[in-house]
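Examining the three-dimensional arrangement
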Amino acid sequence: MPTLETTVDGLKVPNPFVIGSGPPGTNANVIGKAFDEGWGAVICKTVSLDAEKVVNVQPRYARLRSRESGEIYGWENIELISDRSFETWIDEFKQIKDRNPDGVLIASIMEEYNQDAWHEIVGRCEETGVDAFELNMSCPHGLPERRMGAAMGENPDILEEVCGWVMQVAKRPVWAKMTPNVTHIEDPTRASLRAGCQGIAAINTIRSVLGVDLETLRPEPTVEGYTTPGGYSCQAVLPIALRMCMEVATVIRDEFPGRTLSGIGGIETGRDAAQFILLGCDTVQVCTGVMKMGYRCVQSMKEELLAFMEHHKFETLADFRGHSLPYFTTHADLVKRQAEARAAKKAEHDKKMIKADAEWDGDDFVDQTDALARG
Ligand SMILES: Cc1cc2nc3c(=O)[nH]c(=O)nc-3n(C[C@H](O)[C@H](O)[C@H](O)COP(=O)(O)O)c2cc1C
């Protein structure tokens, strides 16, 4: 019987399914619910020291649906990080750890470009017993105006400096969460790993404009008639997330062996998760999927992942982690491989072509007849 249990950066989790930072980890009640339903770990909604600066609007979501089935496959949000006070979060981190001593609780944190602020937020969260950190260097809207989130994640030099401040004080594992809104995700990946972060999480949402309402002629989500570009998530982003995880995993394999990767973006099933693990992820995160399907969806995800493992006779996640990574190459190499394969096939065909009656061979008779039919 295969097992989903795994240990990542010293954190022992019952399965690789992690609640991604966002509404599904927005307070102690819902985080408790996630542990009750069997999630492997929970990352809280991103917290900062001064929540008074965080002012949300409504509506802040807009969704794309399939024309045929009506199912939601694309989701834009212009939601900011948590608007709940840091003191409240500190109390709730303690409560959550008291009630779920074995549950792995990861604090998602974000601060301004200020070393003391980063030292303070890490130190005060650690005192509550949180198990690890995820650095939100990637929120694409609202926070960059304060030079936070994606404003840091898009600049490898600043990213390396800020991750370095965190690593000066953090005693627990630290994952840096990448923005996909860059040309080469390898650059911020290297910067964070050079600074000493144990892992990378990829990806945050993709900067987007979901659409324009053809009645009101206003872009969505419309707030008092206006909008601002937001972050795109859900099923539609999965292929982009897979590509970026492949690129991050390649950097880890070739330059930083032993560091870890948490994959995110459009994961809704155990078979989606299997693909991220095949490309080198240690864990997988789900955010929008939980908003669509509820916390219980982890049950079917676990069953589907186990069924995939049984089918291939994999006993542990390590048996197939990164298995599909070596099958990426350059386009020029694909052309070379195809030319070689075609030449080999032609040689085989030519070998079977009968040029004189004496060459007929009883063993390959059907192939030889076929070759003569195809010429
Ligand atoms: C409504 C909403 C709020 C989010 N808030 C945060 C956040 O506070 N911090 C963060 O790091 N990521 C946040 N995210 C990004 C998700 O954690 C995740 O990276 C992204 O949505 C892609 O994964 P998904 O398709 O499973 O949602 C948010 C996403 C959504 C949809």
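Residues numbered from 1 in each chain as written. Predicted model: local features only at pLDDT ≥ 70, side-chain atom pairs only at ≥ 80, totals over all residues.

Across its full length, the chain carries 12 helices and 16 strands. Projecting the C-alpha coordinates of the chain onto the three principal axes gives extents of approximately 90 × 55 × 40 Å. Going through the 375 residues of the chain one by one, you find that 43% of them count as buried. (Helix = DSSP H or I, 4+ residues; strand = E, 2+ residues; numbered from the N terminus. Buried ≥ 20, exposed ≤ 12 C-beta atoms within 10 Å, placed from the backbone.)

Let us look at the packing of helix α3 (residues 115-127) against helix α5 (residues 156-169). Taken N-terminus to C-terminus, the directions of α3 and α5 make an angle of 45°; their axes are 9 Å apart at the nearest point. It follows from the interaxial angle that α3 and α5 lie oblique. Crossing handedness for the pair α3 and α5: right-handed. Along the contact surface, α3 presents Gln115, Trp118, His119, Val122 and Gly123, while α5 presents Val162, Trp165, Val166 and Val169. Partitioning the contact of α3 with α5 into residue classes produces six nonpolar, three polar and no charged. (Axes fitted to C-alpha atoms, helices over the stretch in contact; angles between N-to-C directions. Parallel < 35°, antiparallel > 145°, perpendicular 65-115°, else oblique. Left-handed = near helix turned anticlockwise from the far one by under 90°. Contact = placed C-beta atoms within 7 Å. Nonpolar A, V, L, I, M, F, W, Y, C, P; charged D, E, K, R; others polar.)

Annotation of the chain at the domain level lists domain 1 (6-325) and domain 2 (331-374). Here domain 1 and domain 2 have C-alpha centroids that lie 52 Å from each other. (Domains from an automatic or database assignment.)

Our next topic: the sheet that holds strand β14 (residues 230-233). Taken in spatial order, the four strands make up an open sheet running β5-β6-β14-β11, and their pairing is antiparallel. On the outer flanks of this sheet lie β5 (61-65) and β11 (206-208), each paired with one strand and no other. Neighbour to neighbour, the strand axes of the sheet diverge by 35° on average, direction disregarded. With three bridges connecting them, strand β6 (residues 72-77) and β14 associate as antiparallel partners. (Pairing = 2+ DSSP bridges.)

The subject of this paragraph is the site of the ligand. Lining the immediate environment of the ligand, one finds 27 residues, of which Ser21, Gly22, Ser233, Cys287 and Thr288 sit closest. Counting only elements with at least two residues in the shell around the ligand, the list comes to β6 and α9 (288-293). Residues of the shell around the ligand, tallied by class, amount to 10 nonpolar, 14 polar and three charged. (Near = placed C-beta within 6 Å.)

Moving on, we come to unusual backbone geometry. The peptide bond linking Ala202 to Ile203 adopts the cis configuration, its omega dihedral lying at 15°. Mapping Ile203 onto the fold places it in the loop between β10 (199-202) and β11. Residue Pro221 follows Glu220 across a cis peptide bond; omega there is -10°. Along the chain, Pro221 turns up in the loop between β13 (219-220) and β14. In the Ramachandran plot, Asp9 falls in the positive-phi region, its phi being about 50° despite a non-glycine side chain. Topologically, Asp9 is positioned in the loop between β1 (6-8) and β2 (11-13). Classification of Asp9 as partly exposed rests on a count of 19 C-beta atoms within 10 Å. Even without glycine at this site, Glu224 takes up a positive phi of about 50°. For Glu224, the location among the structural elements is in the loop between β13 and β14. A tally of 7 C-beta atoms within 10 Å means that Glu224 is categorised as exposed.

What follows is about the pairing of strand β9 (residues 174-177). What you see with β9 is no split at all: Val174 and Ala176 on one side and Trp175 and Lys177 on the other are buried throughout. Where β9 lies against β10, three bridges are found, and the strand directions are parallel. Each residue of the ladder has a partner; that of Lys177, found in β10, is Ala201. Chirality of the crossover, the property in question, places the unit of β9, helix α6 (residues 186-194) and β10 among those that are right-handed. (Right-handed = clockwise from strand over helix to strand, strands pointing away.)

With that settled, the discussion passes to helix α12 (residues 365-374). Burial analysis of α12 places just zero of its 10 residues in the buried class, a small minority of the element. Once α12 finishes, Gly375 follows within two positions and takes phi at roughly 75°, a positive value.

Another aspect to go through is the nonpolar core. Nonpolar side chains in soluble globular proteins tend to be buried together. Core analysis: the largest hydrophobic core is formed by 93 residues, its most contacted members being Val42, Ile106, Ala202 and Cys245. Per-element tally for this core: the top contributor is helix α7 (residues 238-255), with nine residues. Not counting residues within four places of it along the chain, the set of residues in contact with Ile106 comprises Ala41, Val42, Ile43, Val130, Asp131, Ala132, Phe133 and Glu134. (Core = buried A, V, L, I, M, F, W, Y, C linked by C-beta atoms within 7 Å.)

Let us now look at the pairing of strand β7 (residues 104-109). For β7, the tally of buried residues reaches six of six residues, placing the bulk of the element in the interior. Here strand β4 (residues 41-43) pairs with β7 via three bridges, running parallel. Of the residues in β7, the one forming a bridge with Ala41 is Val104. Where the polypeptide runs from β7 across α3 and back to strand β8 (residues 132-136), its parallel neighbour, the crossover connection is right-handed.

It is at 7 Å that the axes of helix α8 (residues 270-278) and helix α10 (residues 297-312) come closest, and there the two elements cross at 55°. Here α8 lies oblique to α10, going by the angle between them. Here the hand of the crossing between α8 and α10 comes out right-handed. Across the interface between the two elements, Gly270, Arg271, Ala273 and Ala274 from α8 touch Met301, Lys302, Glu303, Glu304, Leu305 and Phe308 from α10. For the contact of α8 with α10, the per-class residue count stands at five nonpolar, one polar and four charged.

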